[in-house]
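Chains, contacts and geometry: an overview
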Amino acid sequence: DVKFNWSTLKQLAPGSDNWAITWADDGHQYTTWGDGGGFGGTNNDGRVSLGVGRVEGDKSNYKGYNRWGGKNAEYPAQFDGKSRGIICIDGVLYMWRTPGSEATGYTEIRMARSTDHGAHWTLSSWRFTLSQDLIMPTILQFGQDYAGARDGYVYHYFIRPENTKALAIQKPGAIFLARVPKDKMMTQSAYQFVSGFSNGQPIWSNDISKKVPVFEDRNNGVGWTVSASYNPGLKRYLLITEHTRTYPYGGNIGIFDAPEPWGPWTTVLYKTPWEGTTTKCFFWNFSNKWLSADGKNFVLVYTGQDRWNSVEGT
């Protein structure tokens, strides 16, 4: 079961959406947003296609700063696009970047790297593409600066495209899983995908055409966004996505848990709609910095009313 304490709801950055989040070596969290001015901005004031913010403080007293792009940014944005996956590993930030807005974002996926906590980014020359049946990736979160990771790999979840004409629930829904050595994030050939299972264990392959889903919701689909994190107190992997309803982002939430990154998945919460639903409510992310030691108390960061939202829960 899961419950939310709505008296803790905090909203910032009107006009900016997405808000993937990671916990970095400097103690702060870094987050990505799209189509707005970020912290202190609005939909028009400081608007960028893609921005990176820094979140300082604890769960009840935090403040956001625009690190890269947005209103009064510390550094200007270098390129446009969207990101729904960011991670800090050994003091280096990585984020997946897709181009443009709406369905344009389905066309390709590139990895970006920053060695100065988001001040400057370098994009990979290679890309994954829609023709490979891969869209909208996210990155599995562990502890601060990737502490507590299960092994030397980084795990990435990709949604299988079905409807590529608009941001929409993908039916029948399926999610693929890839891994890459943590020091090879910028090397495309190092990525391996789950291609099957043997005695419950995944078979990894560098041949993308052999990939198989590790999560499916055939009846109600999955969203165009997904987040994933490891809760060390509960010793469970948590995956969040949408289902059933398409535009205007109806807030139908699905939270699932598993003992391994590839499953098997059981349902924590499946709501139509979620009680936290507001206009344009989507893309929920657990903040691993703001988890309690036993894993039972958390903060969920998500898009609602086209802005940053955080709410505590148990």
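This one's a predicted model, so the numbers in the text were calculated from it and none came from an experiment. Within each chain, residue numbers correspond to sequence positions counted from 1 in written order. In keeping with the predicted nature of the model, local features appear solely for residues at pLDDT of at least 70, side-chain atom pairs appear and are counted solely at 80 or more, and the whole-chain, interface and lining totals rest on all residues. Here the side-chain values reflect all heavy atoms present in the structure, with hydrogen atoms and water set aside.

Some words on the overall build of the chain
Along its length, the chain carries zero helices and 23 strands. The atom set for the radius of gyration is the C-alpha atoms, and the globule formula is 2.2 Å times the number of residues raised to the power 0.38. Relative to the globule expectation of 20 Å for 314 residues, the C-alpha radius of gyration of the chain, 18 Å, shows essentially globular dimensions. Across its three principal axes, the chain shows a C-alpha extent of roughly 50 × 45 × 40 Å. The cut-offs for exposure are 20% and 50% of the maximum accessible area for each residue type, with area from a 1.4 Å probe on protein chains only; residues under the lower value are buried, those over the upper are exposed, and the others partly exposed. Looking at the chain as a whole, 57% of its 314 residues are labelled buried. Considering only contacts within the chain whose residues lie at least 6 apart along the sequence, 56% involve residues at least 24 apart. The way it works is that DSSP assigns letters per residue, a run of H or I at least four long becomes a helix, a run of E at least two long becomes a strand, and they are numbered from the N terminus. In what follows, residue pairs with any heavy atoms lying within 4.5 Å of each other are defined as contacts.

Re the environment of Thr 279
Tracing the sequence through the fold places Thr 279 in the loop between strand S20 (266-270) and strand S21 (282-286). Through-space distance from the C-alpha of Thr 279 to that of Leu 238 is 25 Å; in sequence the pair is 41 residues apart. If near-sequence neighbours (up to four positions away) are discounted, Thr 279 is found in contact with Gly 304, Gln 305 and Asp 306.

Structural notes on the sheet that holds strand S17 (residues 226-231)
Any two strands with at least two DSSP-identified bridges between them are counted as paired. Spatial ordering of the open sheet is given by S17-S18-S19-S20, a layout of four strands whose pairing is antiparallel. Each having just a single partner strand, S17 and S20 make up the two edges of the open sheet. When the angles between neighbouring strand axes are averaged without regard to direction, this sheet yields 20°. Note: strand S18 (residues 236-242) against strand S19 (residues 253-258), six bridges, orientation antiparallel. Bridge assignment links Leu 238 to a residue of S19, and that residue is Asp 257. Every axis in this analysis is a line fitted to C-alpha atoms, fitted for helices over the stretch in contact. Angles between the N-to-C directions lie between 0 and 180 degrees.

Concerning the nonpolar core
For our purposes a nonpolar core is just a set of buried Ala, Val, Leu, Ile, Met, Phe, Trp, Tyr and Cys residues, chained together by side-chain atoms within 4.5 Å. The biggest cluster of nonpolar side chains holds 64 residues, and the ones touching the most others in it are Phe 128 and Tyr 157. Listed in part, the 16 residues of the second largest apolar core include Leu 269, Trp 284, Tyr 302 and Val 311.

What to know about the packing of aromatic side chains
Only the six-membered ring of Trp is used, alongside the rings of Phe and Tyr, when aromatic pairs are assigned; centres must lie within 6.5 Å, and planes under 30 degrees apart are stacked while those over 60 apart are edge-to-face, with the rest tilted. Counting across every chain of the model gives 35 aromatic pairs. Note on Phe 4 and Trp 6: the rings are 5.9 Å apart at their centroids and 35° apart in plane angle, and the pair reads as tilted. You can call Trp 6 partly exposed: its relative accessible area is 31%. Each residue in the set Phe 4, Trp 6, Trp 274, Trp 284, Phe 286, Phe 298 and Tyr 302 is aromatic and connected to the rest through ring pairs, giving one cluster. Two conditions define a charge sitting above a ring: the NZ of Lys or the CZ of Arg must be within 6 Å of the ring centre, and it must be within 35 degrees of the ring normal. Seen from the ring of Phe 176, Lys 211 lies directly overhead, with NZ or CZ sitting 5.0 Å from the centre.

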